[in-house]
Amino acid sequence: MNDDEEKLRALPLAKPRAELDARIDRLLATAAVGGAKRQKVGLGYVFAASAFSAAAGAAVAVVAMRDSVPKPIRYDYIERPTLPARTDPFDFSRSSSPNLAVWGSPEEVVVTYPNRLQELVSEQTLDDSNI
Amino acid sequence: MQTDLAETLRMFYVSHRQELFTYALSLTGCPMGAEDAVQTAFSRVLQRGRAPSELRPYLFRCVRNAAMDEGRARQRASRNDSIFNGVHAAQGDSRLRLEVEELFATLTADEREAVVLKVYSGMTFEEIGGVRGVPLQTAASWYRRGMSKLRIAWTREENAT
């Protein structure tokens with residue numbers, strides 16, 4: 001440093017007011033708190049996303065498991081509401097479907113295919129107790 | 001991350017408070033405007049979200065930009081306060097101080113800025129060039145021209161005593 005600089009440095013400088021310190025302090029404190037909040041919110045998002053992923057994964061697993069289990073076959077929904085009580089298994093005339101033989105009381109509807117029924121008939125004597 | 005940046009800026013402010021204010025005051029010519037400029041500079045660094053690789057020149061550049069904006073907003077010509085402390089004006093070194101103040105006012109803006117950054121912020125010519133966006137030689141020549149003008153004050157002082 002040369003002499004000229006030293007002389008200049010020797011002169012007292014105007015000082016910033018304490019208000020500037022307070023302003024900067026407030027600004028930095030707000031930023032620090034804001035940053036911490038943002039970090040917390042960020043972590044919240046991470047946790048929420050993880051929880052959501054876990055929940056979504058579990059839901060997918062449940063659906064997959066449910067789909068892998070064979071559904072019970074329900075026949076009674078086919079024609080049951082309109083079925084009249086029938087006792088003759090060979091009477092296909094009243095069946096709504098030509099390929100199906102339907103008989104039994106509305107509470108115990110039995111549906112089978114005619115071919116299989118014919119086989120049954122040929123295999124054994126059909127009486128009321130077989131039906 | 002933001003907490004670290006705020007802490008870095010706090011430490012920087014504590015150790016460079018006077019330098020930043022003097023520089024801003026030399027640009028705005030108004031203590032209020034200088035304070036606003038310093039605050040704006042810190043605010044801009046915070047908005048950036050992370051500390052620049054070289055904080056010191058970056059913050060001084062921010063102060064300069066903010067001071068220029070402040071100066072334009074406040075119509076700087078209406079007020080031109082000195083960077084020197086008015087309280088001491090009535091005391092011993094008042095004559096020299098007034099003379100330096102007068103000479104300071106005759107410097108060009110570039111010369112004054114170079115002198116302030118070199119003398120009161122301890123910057124090298126390279127750093128001054130970085131803050132101003134000019135080559136090192138240009139910053140050095142601004143400084144030399146400014147100091148040669150101020151030297152008149154010392155000469156007069158010496159002749160008077």
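Above this text is the structure in question.
Residues numbered from 1 in each chain as written. Chains lettered and ligands numbered in written order. Predicted model: local features only at pLDDT ≥ 70, side-chain atom pairs only at ≥ 80, totals over all residues. Heavy atoms only, no water.

Enquirer: Any chance you could break down the overall build of chain B for me, citing the residues and the numbers?
Expert: Of the regular secondary structure elements, chain B holds seven helices and zero strands. Looking at chain B residue by residue over its 161 residues, the buried ones come to 50%. Of the contacts made within chain B by residues no fewer than 6 positions apart, 68% connect residues no fewer than 24 positions apart. Summed over all atoms, the accessible surface of chain B reaches about 7600 Å², with 52% contributed by carbon and sulfur. (Helix = DSSP H or I, 4+ residues; strand = E, 2+ residues; numbered from the N terminus. Buried < 20%, exposed > 50% of the residue type's maximum accessible area, 1.4 Å probe, protein only. Contact = heavy atoms within 4.5 Å. Areas by Shrake-Rupley, 256 points an atom, 1.4 Å probe, with all protein chains shown as cover.)

Enquirer: Please give an account of the overall build of chain A that cites residues and values.
Expert: Counting its regular elements, chain A contains three helices and two strands. Overall, chain A shows an N-to-C arrangement of helices and strands of α-α-β-β-α. Counting all 131 residues of chain A, 24% fall into the buried class. Long-range pairs, those at least 24 residues apart, make up 22% of the contacts in chain A with a sequence separation of at least 6. When the accessible surface of chain A is totalled, it reaches about 9400 Å², and 59% of it is carbon and sulfur.

Enquirer: Which residues make up the packing of helix α5 (residues 109-119) of chain B against helix α6 (residues 125-132) of chain B, and what values go with them?
Expert: All names here are of chain B. It is the contact of α5 with α6, at a shortest axis distance of 10 Å, that shows an interaxial angle of 130°. As summarised for this structure, α5 and α6 are arranged oblique, according to the angle between their axes. Relative to α6, the crossing made by α5 is right-handed. Residue-level contacts link Asp110, Glu113, Ala114, Leu117 and Lys118 of α5 to Phe125, Ile128, Val131 and Arg132 of α6. Residue classes in the contact of α5 with α6 are distributed as five nonpolar, no polar and four charged. (Axes fitted to C-alpha atoms, helices over the stretch in contact; angles between N-to-C directions. Parallel < 35°, antiparallel > 145°, perpendicular 65-115°, else oblique. Left-handed = near helix turned anticlockwise from the far one by under 90°. Nonpolar A, V, L, I, M, F, W, Y, C, P; charged D, E, K, R; others polar.)

Enquirer: Hey, could you go over α5 of chain B for me, with residue numbers and the actual values?
Expert: Each full turn of the α-helix corresponds to 3.6 residues, which orients residues three or four apart in the same direction. Burial analysis of α5 of chain B places nine of its 11 residues in the buried class, which makes it a mostly covered element. For α5 of chain B, every residue scored as buried is listed here: Glu111, Arg112, Glu113, Ala114, Val115, Val116, Leu117, Lys118 and Val119 of chain B.

Enquirer: A description of the packing of helix α1 (residues 3-10) of chain A against α5 of chain B should follow, citing residues and the corresponding values.
Expert: As a packed pair, α1 of chain A and α5 of chain B sit with axes 10 Å apart at the nearest point and diverge in direction by 85°. Judged on the interaxial angle alone, α5 of chain B and α1 of chain A are roughly perpendicular. Only Val115, Lys118 and Val119 of chain B of α5 of chain B make contact with α1 of chain A, whose side of the interface consists of Glu5, Leu8 and Arg9 of chain A. The residue makeup of the contact of α1 of chain A with α5 of chain B, split by class, is three nonpolar, no polar and three charged.

Enquirer: Residue-level account of the interface of chain A and chain B, with values.
Expert: The interface is formed by 27 residues belonging to chain A together with 41 residues belonging to chain B. Its largest share of buried area at the contact with chain B, chain A owes to Leu8, Leu13 and Leu28 of chain A, together 21% of the area lost on that side. Our count for the chain A to chain B interface comes out at seven salt bridges. Close ionic contact of Asp36 of chain B with Arg23 of chain A constitutes a salt bridge, the shortest N to O distance being 2.5 Å. The tally of links between chain A and chain B comes to 13 residue pairs in polar contact (both at pLDDT 80 or more). Among the elements of the structure, α1 and α2 (18-68) of chain A are those that each provide at least two residues to the side of chain A that touches chain B. Take the side of chain A that touches chain B: its biggest share by element is 14 residues, from α2 of chain A. (Buried area = accessible area lost by both parts, 1.4 Å probe. Salt bridge = Lys/Arg side-chain N within 4 Å of Asp/Glu carboxyl O. Polar contact = N/O pair within 3.5 Å; in protein donor to acceptor, adjacent residues only side chain to side chain.)

Enquirer: Run through the nonpolar core, naming residues and quoting values.
Expert: Counting residues in hydrophobic clusters, the biggest one holds 60 residues, and the most contacted among them are Leu8 of chain A together with Phe42 and Val100 of chain B. At the level of secondary structure, the elements contributing two or more residues to this core comprise α2 of chain A together with α1 (2-28), α2 (31-48), α3 (55-74), α4 (94-106), α5, α6 and α7 (136-160) of chain B. In terms of residue count, the dominant contributor to this core is α1 of chain B (11 residues). Setting aside chain neighbours within four positions, we find Leu8 of chain A in contact with Phe84, Val100, Phe104, Val115, Val119, Tyr120, Met147, Leu150 and Trp154 of chain B. (Core = buried A, V, L, I, M, F, W, Y, C linked by side-chain atoms within 4.5 Å.)

Enquirer: Mind laying out the side chain of Asp36 of chain B, listing which residues take part and the relevant values?
Expert: By the element assignment, Asp36 of chain B lies in helix α2. A distance of 2.5 Å separates a polar atom in the side chain of Asp36 of chain B from a polar atom in the side chain of Arg23 of chain A.

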